[in-house]
Every structure is written in C-alpha cells, then in structure tokens.
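The lines below spell out each chain.
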Amino acid sequence: LLPNGLIPGVYQMGIGEIRKGRLLFGVHLASLIGGVAYRVYGNDFLDQYNNLSAGTSDRTFDHYYTKASDHRKMSNQLFWLSGAMYIYNWVDILWMGDSANMRTQPSLDLGVKPNFAGNPMLSITHRF
C-alpha cells in the first residue's frame, strides 16, 4: 500500500481502476510540471525586473513586475492543485475504496482492516 500510495493514481491502477488512476496521475504530474515551469519563468521575469536600469520607463517596470507576479500566482495555484490531488489520492485509498464493493457492504460497519482487494481500509458506513 505505502509505495503505491505515494504517487497519486498508482494504487488505483493497481486495483483495476485504470481510468481513475490515469486521471489522478496525469493531473498530479501536469500540475507539478506546470507549477515548476511557471515558477522558473516567474523568477526569470523577476530577475529581469531587478536588473532594469534606473532610467527605464515605469511601464517597463510594471510589465516585468506584473509578469513575475502573475507567474508566481499561477505557480502557487498549480502547486495547490497538485496537493489536492495528493490528498484526494489518500482519501480514496483509505476511505472510499472500490465503489462497486461499497454497495455490497453490511448495513453498519465501523472498523480498520487490512486492504488488498480495493476495499477501503477505514470504513464507516450506515445503510438503511
């Protein structure tokens, strides 16, 4: 469980939820790559802003500062998305489990049990 749970989507693909696993893995990877790329380009704009000479127009200063700020903001949003995918991955592993198996559980189940078949490890359900 632990090695497969460290990378979002790998556990889901391992238990047969290929579509969900690929989606989690893809969104997590894309948001990490995008976050790093926006941060690098934002730092480039900030370096250019810091290296402008004193005689440069205010419009040029504003341009580089705005670009650096916008890239930093987008980078932070992508990193937040990546973190949300990581948290969702663990919620899916620990509580949600395989949705098909969730429908066949008994009416009241509260417990922690080992999981190797796609069922949730922590289960609190009440069905009427």
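Residues numbered from 1 in each chain as written. Predicted model: local features only at pLDDT ≥ 70, side-chain atom pairs only at ≥ 80, totals over all residues. Heavy atoms only, no water.

Give me the lowdown on the packing of aromatic side chains, citing residues and values where you can.
Here the structure, examined in full by the defined rule, presents three aromatic pairs. Between Tyr49 and Phe61, the aromatic rings sit 5.7 Å apart at their centres with planes inclined by 85°, giving edge-to-face as the arrangement. Of this pair, Tyr49 sits in helix H3 (residues 18–50) while Phe61 sits in helix H4 (residues 58–96), and the two are twelve residues apart along the sequence. Both rings, one in Tyr49 and one in Tyr65, keep their centres 5.5 Å apart while their planes meet at 55°; by these two values the pair is tilted. Here the residue Tyr49 occupies a position in helix H3, and Tyr65 occupies one in helix H4, the gap between them amounting to 16 residues. Through a chain of ring-to-ring contacts, the aromatic side chains of Tyr49, Phe61 and Tyr65 assemble into a single cluster. (Phe/Tyr/Trp six-rings, centres within 6.5 Å; stacked < 30°, edge-to-face > 60°. Helix = DSSP H or I, 4+ residues; strand = E, 2+ residues; numbered from the N terminus.)

Residue-level account of the pattern of salt bridges, with values.
Evaluated as defined, the whole model comprises two salt bridges. Salt-bridge contacts for Glu17 lead to Lys20; the nearest nitrogen and oxygen are separated by 3.5 Å. With relative accessibility at 25%, the residue Lys20 sits in the partly exposed group. For Asp92, the salt bridge is made with Lys20, and the minimal N-O distance between the two is 3.0 Å. Here the residue Asp92 occupies a position in helix H4, and Lys20 occupies one in helix H3, the gap between them amounting to 72 residues. Within the structure, one salt-bridge network assembled from shared partners comprises Glu17, Lys20 and Asp92. (Salt bridge = Lys/Arg side-chain N within 4 Å of Asp/Glu carboxyl O. Buried < 20%, exposed > 50% of the residue type's maximum accessible area, 1.4 Å probe, protein only.)

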